[in-house]
Amino acid sequence: MNRVRVRLLGTGPSQGVPELGGLWGECDPTEPRNQRTRSAALIEASDGTRLLVDAGPDIRAQLLAAGVDRLDALLITHAHADHIAGLDEMRAINRRMGQALPLYATATTLAALRARFDYCFLPPTRGFYRPALDAREVEAGQTLRLGGLEVELLDQDHRVMRSLGLRIGRFAYTTDVVDFPPESFARLHGLSLWVVGCFQRVPHPVHANLDQVLEWRAALGRPRTVLTHMSGALDYATLRAELPEGVEPGFDGMELHP
(Lines give C-alpha, C1' and ligand atoms only; values in the text may rest on other atoms or scores of the structure.)
Protein backbone atom coordinates (compact mmCIF):
# COMPACT_ATOMS: atom_id res chain seq x y z
CA MET A 1 0.00 0.00 0.00
CA ASN A 2 1.29 3.47 -0.87
CA ARG A 3 2.30 5.68 2.02
CA VAL A 4 1.46 9.38 1.90
CA ARG A 5 3.50 12.45 2.75
CA VAL A 6 1.77 15.81 3.19
CA ARG A 7 3.50 19.18 3.04
CA LEU A 8 1.54 22.25 4.10
CA LEU A 9 2.80 24.76 1.57
CA GLY A 10 0.79 27.61 3.09
CA THR A 11 -1.33 27.88 6.22
CA GLY A 12 -2.59 31.45 6.07
CA PRO A 13 -5.79 33.30 5.21
CA SER A 14 -6.65 35.20 2.05
CA GLN A 15 -4.61 38.24 3.12
CA GLY A 16 -1.68 36.22 4.51
CA VAL A 17 0.15 36.92 7.77
CA PRO A 18 1.38 39.58 8.04
CA GLU A 19 -1.06 41.59 5.99
CA LEU A 20 0.28 44.32 3.73
CA GLY A 21 1.29 47.22 5.92
CA GLY A 22 3.08 44.91 8.34
CA LEU A 23 -0.08 44.03 10.24
CA TRP A 24 0.52 40.93 12.38
CA GLY A 25 -2.67 41.02 14.46
CA GLU A 26 -2.09 38.95 17.61
CA CYS A 27 0.86 37.11 16.06
CA ASP A 28 4.40 37.60 17.35
CA PRO A 29 6.47 38.81 14.38
CA THR A 30 9.63 37.25 15.84
CA GLU A 31 8.14 33.74 15.59
CA PRO A 32 8.90 32.45 12.04
CA ARG A 33 5.94 30.05 12.13
CA ASN A 34 3.57 33.01 12.33
CA GLN A 35 4.56 34.06 8.80
CA ARG A 36 1.79 32.43 6.77
CA THR A 37 1.33 32.38 3.02
CA ARG A 38 -1.97 31.49 1.37
CA SER A 39 -3.28 27.98 2.03
CA ALA A 40 -2.15 25.13 -0.23
CA ALA A 41 -0.94 21.57 0.27
CA LEU A 42 1.21 19.04 -1.56
CA ILE A 43 0.32 15.37 -1.19
CA GLU A 44 2.78 12.75 -2.39
CA ALA A 45 2.41 8.96 -2.50
CA SER A 46 5.39 6.65 -2.04
CA ASP A 47 5.18 5.74 -5.74
CA GLY A 48 5.99 9.38 -6.55
CA THR A 49 2.48 10.56 -7.46
CA ARG A 50 2.17 14.25 -6.58
CA LEU A 51 -1.13 16.08 -6.06
CA LEU A 52 -1.19 19.83 -5.51
CA VAL A 53 -4.24 21.13 -3.64
CA ASP A 54 -4.94 24.73 -4.67
CA ALA A 55 -2.66 27.26 -6.37
CA GLY A 56 -2.91 30.66 -4.72
CA PRO A 57 -0.84 33.80 -5.31
CA ASP A 58 2.14 32.41 -3.33
CA ILE A 59 2.39 29.10 -5.18
CA ARG A 60 5.64 29.88 -7.03
CA ALA A 61 7.56 30.59 -3.81
CA GLN A 62 5.86 27.66 -2.07
CA LEU A 63 6.87 25.12 -4.73
CA LEU A 64 10.39 26.54 -4.90
CA ALA A 65 10.72 26.11 -1.13
CA ALA A 66 9.48 22.53 -1.45
CA GLY A 67 11.87 21.77 -4.33
CA VAL A 68 8.98 20.72 -6.56
CA ASP A 69 8.99 21.15 -10.35
CA ARG A 70 6.72 18.28 -11.41
CA LEU A 71 3.11 17.46 -10.57
CA ASP A 72 0.70 14.74 -11.62
CA ALA A 73 -2.49 16.64 -10.87
CA LEU A 74 -3.92 19.84 -9.44
CA LEU A 75 -7.11 19.86 -7.38
CA ILE A 76 -8.87 23.19 -6.86
CA THR A 77 -11.14 23.19 -3.81
CA HIS A 78 -13.08 26.31 -4.80
CA ALA A 79 -12.72 29.47 -6.84
CA HIS A 80 -11.76 32.08 -4.24
CA ALA A 81 -8.75 34.13 -5.35
CA ASP A 82 -6.45 32.96 -2.56
CA HIS A 83 -6.78 29.42 -3.93
CA ILE A 84 -6.50 30.08 -7.68
CA ALA A 85 -4.57 33.31 -8.31
CA GLY A 86 -1.35 31.41 -9.00
CA LEU A 87 -2.63 29.32 -11.89
CA ASP A 88 -0.37 31.16 -14.33
CA GLU A 89 2.65 29.67 -12.51
CA MET A 90 1.65 26.23 -13.78
CA ARG A 91 3.27 27.02 -17.13
CA ALA A 92 6.67 26.28 -15.56
CA ILE A 93 5.28 22.90 -14.48
CA ASN A 94 4.06 22.35 -18.04
CA ARG A 95 7.54 22.99 -19.38
CA ARG A 96 9.12 20.49 -17.01
CA MET A 97 6.45 17.89 -17.79
CA GLY A 98 6.17 18.61 -21.50
CA GLN A 99 2.39 18.32 -21.38
CA ALA A 100 -0.84 19.81 -20.03
CA LEU A 101 -1.49 19.46 -16.31
CA PRO A 102 -4.73 17.69 -15.28
CA LEU A 103 -6.85 20.06 -13.19
CA TYR A 104 -9.71 18.61 -11.15
CA ALA A 105 -12.58 20.77 -9.92
CA THR A 106 -16.36 20.83 -9.73
CA ALA A 107 -18.44 22.14 -12.63
CA THR A 108 -19.10 25.38 -10.74
CA THR A 109 -15.43 25.94 -10.03
CA LEU A 110 -14.38 25.06 -13.58
CA ALA A 111 -16.87 27.60 -14.95
CA ALA A 112 -15.32 30.30 -12.76
CA LEU A 113 -11.80 29.29 -13.80
CA ARG A 114 -12.69 29.34 -17.49
CA ALA A 115 -14.20 32.82 -17.09
CA ARG A 116 -11.16 34.23 -15.28
CA PHE A 117 -8.31 32.18 -16.78
CA ASP A 118 -9.67 31.28 -20.22
CA TYR A 119 -6.17 31.24 -21.77
CA CYS A 120 -5.15 28.38 -19.46
CA PHE A 121 -7.62 26.03 -21.15
CA LEU A 122 -6.66 26.67 -24.76
CA PRO A 123 -4.65 24.03 -26.67
CA PRO A 124 -1.01 23.96 -25.49
CA THR A 125 1.47 26.16 -27.31
CA ARG A 126 4.99 25.15 -28.25
CA GLY A 127 7.21 26.16 -25.33
CA PHE A 128 4.20 26.62 -23.03
CA TYR A 129 4.37 30.42 -22.99
CA ARG A 130 0.95 30.22 -21.37
CA PRO A 131 -0.29 27.53 -18.93
CA ALA A 132 -1.92 24.40 -20.32
CA LEU A 133 -4.53 22.92 -18.00
CA ASP A 134 -6.56 19.82 -18.81
CA ALA A 135 -9.93 20.43 -17.14
CA ARG A 136 -11.48 17.35 -15.55
CA GLU A 137 -14.85 17.79 -13.89
CA VAL A 138 -15.46 16.03 -10.57
CA GLU A 139 -18.12 16.15 -7.88
CA ALA A 140 -18.33 15.58 -4.15
CA GLY A 141 -18.75 11.92 -3.26
CA GLN A 142 -16.48 10.83 -6.10
CA THR A 143 -13.19 8.99 -5.54
CA LEU A 144 -10.25 9.94 -7.76
CA ARG A 145 -7.54 7.40 -8.49
CA LEU A 146 -4.34 9.24 -9.27
CA GLY A 147 -1.42 6.84 -9.43
CA GLY A 148 -0.85 5.69 -5.86
CA LEU A 149 -3.47 8.06 -4.43
CA GLU A 150 -7.16 7.32 -3.87
CA VAL A 151 -8.78 10.66 -3.12
CA GLU A 152 -12.33 10.79 -1.81
CA LEU A 153 -13.93 14.18 -2.42
CA LEU A 154 -16.14 15.69 0.28
CA ASP A 155 -18.81 18.38 0.00
CA GLN A 156 -18.26 21.36 2.33
CA ASP A 157 -20.34 24.42 3.18
CA HIS A 158 -18.25 27.58 2.76
CA ARG A 159 -21.48 29.61 3.04
CA VAL A 160 -20.88 31.76 -0.03
CA MET A 161 -20.15 28.67 -2.13
CA ARG A 162 -19.45 24.97 -1.83
CA SER A 163 -15.88 23.79 -1.41
CA LEU A 164 -14.23 20.39 -1.68
CA GLY A 165 -12.49 18.56 1.14
CA LEU A 166 -10.56 15.38 0.57
CA ARG A 167 -9.81 12.15 2.37
CA ILE A 168 -6.96 9.76 1.54
CA GLY A 169 -6.88 6.67 3.71
CA ARG A 170 -6.94 7.87 7.30
CA PHE A 171 -5.91 11.42 6.40
CA ALA A 172 -8.24 14.33 5.55
CA TYR A 173 -7.68 17.90 4.39
CA THR A 174 -10.66 20.22 4.85
CA THR A 175 -9.94 23.91 4.50
CA ASP A 176 -12.40 26.78 3.88
CA VAL A 177 -15.38 25.22 5.61
CA VAL A 178 -17.93 26.60 8.05
CA ASP A 179 -20.09 23.46 8.22
CA PHE A 180 -20.25 19.92 6.89
CA PRO A 181 -23.29 18.17 5.43
CA PRO A 182 -24.04 15.06 7.52
CA GLU A 183 -22.81 12.69 4.80
CA SER A 184 -19.45 14.50 4.60
CA PHE A 185 -18.97 14.61 8.36
CA ALA A 186 -19.69 10.89 8.52
CA ARG A 187 -16.80 10.30 6.11
CA LEU A 188 -14.40 11.99 8.54
CA HIS A 189 -14.75 9.29 11.18
CA GLY A 190 -11.79 6.95 11.61
CA LEU A 191 -9.07 9.49 10.81
CA SER A 192 -5.56 9.38 12.25
CA LEU A 193 -4.67 12.86 10.93
CA TRP A 194 -6.95 15.78 10.11
CA VAL A 195 -5.83 19.12 8.65
CA VAL A 196 -8.69 21.58 9.04
CA GLY A 197 -9.27 25.25 8.38
CA CYS A 198 -9.56 27.34 11.55
CA PHE A 199 -9.73 31.07 10.91
CA GLN A 200 -10.01 32.66 14.35
CA ARG A 201 -11.35 32.25 17.89
CA VAL A 202 -14.72 33.92 17.50
CA PRO A 203 -17.43 32.83 15.05
CA HIS A 204 -16.96 33.85 11.43
CA PRO A 205 -19.62 33.84 8.68
CA VAL A 206 -17.72 31.59 6.21
CA HIS A 207 -14.93 29.89 8.19
CA ALA A 208 -14.79 27.56 11.18
CA ASN A 209 -13.59 29.01 14.48
CA LEU A 210 -11.48 27.33 17.16
CA ASP A 211 -14.31 26.14 19.44
CA GLN A 212 -16.13 24.73 16.43
CA VAL A 213 -13.08 22.76 15.29
CA LEU A 214 -12.55 21.34 18.78
CA GLU A 215 -16.20 20.27 18.96
CA TRP A 216 -15.94 18.56 15.58
CA ARG A 217 -12.74 16.82 16.67
CA ALA A 218 -14.38 15.47 19.83
CA ALA A 219 -17.26 14.10 17.77
CA LEU A 220 -14.77 12.40 15.44
CA GLY A 221 -12.96 10.55 18.22
CA ARG A 222 -10.12 13.08 18.69
CA PRO A 223 -7.76 12.35 15.78
CA ARG A 224 -4.49 14.25 15.59
CA THR A 225 -5.59 17.66 14.33
CA VAL A 226 -3.51 20.32 12.59
CA LEU A 227 -4.96 23.78 12.02
CA THR A 228 -4.56 25.68 8.75
CA HIS A 229 -5.98 28.80 7.05
CA MET A 230 -5.28 30.72 10.27
CA SER A 231 -5.64 34.48 10.52
CA GLY A 232 -3.43 36.87 12.44
CA ALA A 233 -5.72 36.38 15.44
CA LEU A 234 -4.09 33.00 16.12
CA ASP A 235 -0.54 33.24 17.44
CA TYR A 236 1.51 30.07 17.04
CA ALA A 237 3.12 29.89 20.50
CA THR A 238 -0.08 30.88 22.30
CA LEU A 239 -1.98 28.12 20.52
CA ARG A 240 0.73 25.54 21.24
CA ALA A 241 0.52 26.36 24.94
CA GLU A 242 -3.25 26.18 25.25
CA LEU A 243 -4.48 23.58 22.77
CA PRO A 244 -5.28 20.10 24.08
CA GLU A 245 -2.92 17.22 23.39
CA GLY A 246 -3.26 16.06 19.81
CA VAL A 247 -4.15 19.49 18.41
CA GLU A 248 -1.57 21.90 17.00
CA PRO A 249 -1.27 24.88 14.66
CA GLY A 250 0.24 24.12 11.30
CA PHE A 251 2.96 26.24 9.73
CA ASP A 252 4.29 26.83 6.24
CA GLY A 253 6.54 23.96 5.19
CA MET A 254 5.25 21.55 7.85
CA GLU A 255 5.59 17.91 6.78
CA LEU A 256 3.13 15.30 7.97
CA HIS A 257 3.18 11.53 7.61
CA PRO A 258 -0.34 10.10 8.11
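The structure presented is a predicted model; accordingly, all values stated were derived computationally and were not measured.

What counts and what doesn't
- Residues numbered from 1 in each chain as written.
- Predicted model: local features only at pLDDT ≥ 70, side-chain atom pairs only at ≥ 80, totals over all residues.
- Heavy atoms only, no water.
- Pairing = 2+ DSSP bridges.
- Helix = DSSP H or I, 4+ residues; strand = E, 2+ residues; numbered from the N terminus.
- Axes fitted to C-alpha atoms, helices over the stretch in contact; angles between N-to-C directions.
- Contact = heavy atoms within 4.5 Å.
- Core = buried A, V, L, I, M, F, W, Y, C linked by side-chain atoms within 4.5 Å.
- Buried < 20%, exposed > 50% of the residue type's maximum accessible area, 1.4 Å probe, protein only.
- Arc of directions from axis to C-beta.
- Polar contact = N/O pair within 3.5 Å; in protein donor to acceptor, adjacent residues only side chain to side chain.
- UniProt positions renumbered as here; feature names shortened; annotations may be inferred.
- Phe/Tyr/Trp six-rings, centres within 6.5 Å; stacked < 30°, edge-to-face > 60°.
- Salt bridge = Lys/Arg side-chain N within 4 Å of Asp/Glu carboxyl O.

### Description of the sheet that holds strand 2 (residues 40-45)
Hydrogen bonds between backbone atoms are what pair the strands of a sheet, whose relative direction is either parallel or antiparallel. Across the sheet, seven strands lie side by side as 6-5-4-3-2-1-14; this open sheet has mixed pairing. The open sheet has two edge strands, strand 6 (133-137) and strand 14 (254-256), and neither has a second partner. Shown here is a sheet whose adjacent strand axes are inclined to one another by a mean of 20°, direction ignored. Summarising the sheet, strand 2 and strand 3 (residues 50-53) pair through four bridges and their orientation is antiparallel. Pairing of E44 across the sheet is with R50, part of strand 3. The strands touched by helix 1 (residues 59-66) within the sheet are strand 1 (4-10), strand 2 and strand 3, with strand 1 carrying the most contacts at an inclination of about 135°.

### Points about the nonpolar core
Membership of the largest hydrophobic core comes to 27 residues, with the highest contact counts inside it found for L8, I43, L51, V151, L166 and F171. Leaving out residues up to four positions away in the same chain, L51 has contacts with A41, L42, I43, A73, L74, L75, L146, L149 and V151. Among the nonpolar cores identified, the runner-up in size contains 26 residues, and A40, I93, A105 and L133 belong to it.

### So, helix 6 (residues 210-219)
Here helix 6 has its buried residues at L210, Q212, V213, W216 and R217. One face of helix 6 carries all of its buried residues, which in axial projection span an arc of 160°. Residues of helix 6 that are buried sit in contact with helix 5 (182-186), strand 11 (193-197), strand 12 (224-228), helix 7 (236-242) and strand 13 (247-249). For helix 6, the side-chain oxygen to backbone nitrogen distance between the N-cap and D211 is 3.1 Å, and the N-cap itself is N209. Just beyond helix 6, the residue with positive phi is G221, at close to 90°.

### Comments concerning the sheet that holds strand 9 (residues 162-168)
With mixed pairing, the seven strands of this open sheet are ordered in space as 7-8-9-10-11-12-13. Strands with a single pairing partner mark the edges of an open sheet, and in this sheet they are strand 7 (143-146) and strand 13. Averaged over all neighbouring strand pairs, the angle between strand axes comes to 20°, with direction disregarded. Here strand 7 pairs with strand 8 (residues 149-157) via four bridges, running antiparallel. Of the residues in strand 8, the one forming a bridge with T143 is E152. Here helix 6 sits on the sheet in contact with strand 11, strand 12 and strand 13, set at roughly 155° to strand 11.

### A short note on the UniProt feature "domain: Metallo-beta-lactamase" (unreviewed entry) in the protein chain
In this numbering, the UniProt entry assigns the feature "domain: Metallo-beta-lactamase" (unreviewed entry) to residues 37-229. The distance from the first to the last C-alpha atom of residues 37-229 is 9 Å, and the span holds 23% helix and 30% strand.

### Some words on the packing of aromatic side chains
Applying the stated criterion across every chain, the model contains five aromatic pairs. Ring centres 6.2 Å apart and planes at 80° place the aromatic pair Y236 and F251 in the edge-to-face group. Taken together, the residues Y236 in helix 7 and F251 in the loop between strand 13 and strand 14 connect sequence positions 15 residues apart. Taken together, the ring pairs connect F180, F185, W194 and W216 into an aromatic cluster.

### Here's the deal with the pattern of salt bridges
Under the criterion given, the structure shown has 17 salt bridges. Residue R96 is joined to D69 by a salt bridge in which the shortest nitrogen-to-oxygen separation is 2.8 Å. Of this pair, R96 sits in helix 3 (residues 90-97) while D69 sits in the loop between helix 1 and strand 4 (73-75); the two residues are 27 residues apart in sequence, bridging distant segments of the chain. For R96, a relative accessible area of 61% translates into the label exposed. The partner of R91 in a salt bridge is D88, with the nearest N and O atoms 3.4 Å apart. Here the residues in one salt-bridge network are D155, D157, R159 and R162, joined through shared partners.

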